[in-house]
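Observations on the model geometry
So the chains spell out like this:
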Amino acid sequence: MEALLGPGAVLSDPDELLVYESDGLTLFRALADFVVFPTSAEQVAALVKLASREGMPFVARGAGTGLSGGCLPAEGGLVISLMRMNRVLEVDYDNQVAIVEPGLVNLHLSWAVGPRGFYYAPDPSSQQACTIGGNIATNSGGPHTLKYGVTTNHVLGLEVVLPDGEIYWLGGKTRDAQGYDLVGLFVGSEGTFGIATKIAVRILRKPQAVKTVLAVFGRMDDASEAVSAIIGRGLIPAAMEMIDQLTIEAVEDAFGCGYPRDAAAALLIELDGLAVGMEAQAERVIQ
Ligand SMILES: Cc1cc2nc3c(=O)[nH]c(=O)nc-3n(C[C@H](O)[C@H](O)[C@H](O)COP(=O)(O)OP(=O)(O)OC[C@H]3O[C@@H](n4cnc5c(N)ncnc54)[C@H](O)[C@@H]3O)c2cc1C
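Along each chain, residue indices are assigned from 1 in the same order as the chain's sequence is written. Residue-level local features of this predicted model are given only where pLDDT is at least 70; pairs of side-chain atoms are given and counted only at 80 or more, and the full residue set underlies all totals for whole chains, interfaces and linings. Hydrogens are left out, water is left out, and the side-chain values use all remaining heavy atoms of the structure.

1. Overview of the site of the ligand
Convention followed: Near is defined per residue: the residue qualifies when any heavy atom it owns lies within 4 Å of the molecule or strand. Two N or O atoms form a polar contact when they lie within 3.5 Å of each other; inside protein one atom must be a possible hydrogen donor and the other a possible acceptor, and for residues adjacent in sequence the pair counts only when both atoms belong to side chains. Surface accessibility in these figures is a Shrake-Rupley result with a 1.4 Å probe; residues are shielded only by whichever protein chains are displayed. The numbering of helices and of strands both runs from the N terminus, where a helix is a DSSP run of H or I of at least 4 residues and a strand a run of E of at least 2. All amino acids are sorted into three groups, where Ala, Val, Leu, Ile, Met, Phe, Trp, Tyr, Cys and Pro are nonpolar, Asp, Glu, Lys and Arg are charged, and the leftover types, Gly among them, are polar. What marks off one domain from the next here is an automatic or database domain assignment.
Close contacts around the ligand come from 30 residues, with A60, T65, S126, T131 and G141 the closest. One nitrogen or oxygen atom from the side chain of S126 is found 2.6 Å from an oxygen atom belonging to the ligand. At a separation of 3.4 Å, an oxygen atom of the ligand approaches a polar backbone atom of G134. Protein chains shield 82% of the accessible area of the ligand, which is 980 Å² for the free molecule. For the shell around the ligand, the secondary structure elements donating two or more residues are β3 (58-61), α5 (132-138) and β10 (195-202). Broken down by element, the residue count for the shell around the ligand peaks at five residues, all from α5. The residue inventory of the shell around the ligand, partitioned by class, reads twelve nonpolar, 16 polar and two charged. A domain split of the shell around the ligand shows at least three residues from each of domain 1 (2-81) and domain 2 (88-205).

2. Quick notes on the nonpolar core
Our working rule: Working definition of a nonpolar core: buried Ala, Val, Leu, Ile, Met, Phe, Trp, Tyr and Cys residues. They are joined through side-chain atoms within 4.5 Å. Only protein chains enter the accessibility calculation, which uses a 1.4 Å probe; a residue whose area is less than 20% of its type maximum is buried, one above 50% is exposed, and one in between is partly exposed. By definition, residues are in contact when any of their heavy atoms lie within 4.5 Å.
Ranked by size, the top nonpolar core spans 24 residues in total, and within it V35, V36, V44 and I80 carry the most contacts. The element contributing the most residues to this core is helix α3 (residues 41-54), with five residues. Discounting residues that sit within four places of it in the chain, V35 has contacts with A9, V10, L11, L17, Y20, V79 and S81. Core analysis: the second largest hydrophobic core is formed by 21 residues, Y93, L109, V155 and F186 among them.

3. A closer look at the pairing of strand β14 (residues 265-273)
Filter applied, for reference: Should DSSP find at least two bridges between two strands, the strands are taken to pair.
Here strand β12 (residues 209-217) runs beside β14; their pairing, made up of nine bridges, is antiparallel. Following the sheet pairing, A215 is matched in β14 by L267. In the sheet, strand β13 (residues 239-244) pairs with β14 via six bridges, with the strands oriented antiparallel. Pairing of E241 across the sheet is with L268, part of β14.

4. Things to note about the environment of N95
As for its placement among the helices and strands, N95 is situated in the loop between β5 (88-92) and β6 (97-100). The exposure class of N95 is exposed, given its relative accessible area of 54%. N95 sits 107 residues away from R202 along the chain, and the two C-alpha atoms are 8.6 Å apart. A polar contact is formed between the side chain of N95 and the side chain of D92, at a distance of 2.9 Å.

5. Observations concerning helix α4 (residues 106-113)
Basically, it comes down to this: The directions from the helix axis to the C-beta atoms form the arc being described.
Where α4 is concerned, the buried positions are N106, L107, L109, S110 and V113. Looking straight down α4, one finds its buried side chains confined to an arc of 155 degrees; they lie on one side. Where the residues of α4 are buried, they touch β5, β6, β7 (118-119), α5 and β10.

6. Here we look at the pairing of β10
Most of β10 sits inside the fold, with seven of its eight residues counted as buried. Of the strand pairs in this sheet, β6 and β10 are connected by four bridges, and their pairing is antiparallel. Note on β10: the bridge partner recorded for A98 is V201. Note that strand β8 (residues 155-161) and β10 share six bridges and pair antiparallel. Opposite V160, over in β10, you have A196 as the bridge partner.

7. Considering the sheet that holds β14
This is how it is decided: Fitted lines through C-alpha atoms serve as axes, helices being fitted only where they are in contact, and the angles separating the N-to-C directions of these axes extend from 0 to 180 degrees.
In space, the three strands of this open sheet follow the order β12-β14-β13, with antiparallel pairing throughout. Both outer strands of the open sheet, β12 and β13, are each paired with one neighbouring strand and no more. When strand polarity is set aside, the average angle formed by the axes of neighbouring strands in this sheet is 15 degrees. Across the sheet, helix α8 (residues 220-232) touches β12, β13 and β14, and the angle it forms with β13 is around 175 degrees. Its contacts with the sheet put helix α9 (residues 245-255) on β13 and β14, and the angle it makes with β13 is roughly 90 degrees.

8. Comments concerning the environment of A229
By the secondary structure assignment, A229 is in helix α8. Look at A229 and you get partly exposed, because its relative accessible area is 43%.

Keep in mind these values describe shape, not function.
Structure representation (structure tokens):
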């Protein structure tokens, strides 16, 4: 493997392997025999071919923030870390498409395109650490899922290395690629169909205006009913998060944000869109 990847790209020392023995779910641990750090699709393909030839199980790993042990090696074998494939390869602002490598940290894409007024919408709470490759495998979503959908709604195409080491493109750079929706099949497949090595994603224009409403309730049921009432009025906030009393207390102890400690529940409602009409939209939510 060192011959394939060059020096400094293969770990086999048990002390170093320990770092990769679990993900965000630390209840489960498993040591790999090797952790490798390819820097191209061709290297990933060569590793996969080698692993299949040697009968060595392999698994892809992004940032290891997963909460289900998905990137853990089953019985020793090979962990293929994509963390050194972390570049934004191409951005087409006119068509709102970016081509990225799988080890790119989710938030770094929004940082890269932010100065031109764009962002990448899927925002799992782990977005400061998790990778777009990991997001693809788990079809991640975040608070803004309500209006903008989850990862699958933002992926147009994928370059993947299949279990036999062949490299294929699924989908393309447009929303309506012809043929079967193989991208849709791959996204959310937890790395079981192959390893994504390039990803074409949609980038969106940042909204012109954002307004956040905090609603406080004496009963949890009232907060739940307010959620239904807002949606029932045809309003789709960018995000709507409910916090119960226990969480309010914990947040206040830790950060002192100013939430009323005696509230049974609070709703954080984020509205976005055109500046014109934003106040009217907020009024309708408050009503
Ligand atoms: C504090 C915290 C908050 C979180 N919040 C959210 C949240 O709001 N929403 C949410 O959806 N999740 C959340 N998660 C879970 C986790 O962050 C996501 O599942 C994330 O998408 C995992 O990305 P990762 O790069 O860490 O992937 P990893 O944990 O490294 O891997 C996850 C899976 O992806 C596979 N994989 C990784 N890279 C590739 C690739 N290139 N090709 C194919 N398969 C690959 C792995 O084999 C594994 O099965 C949270 C986790 C933490 C710790």
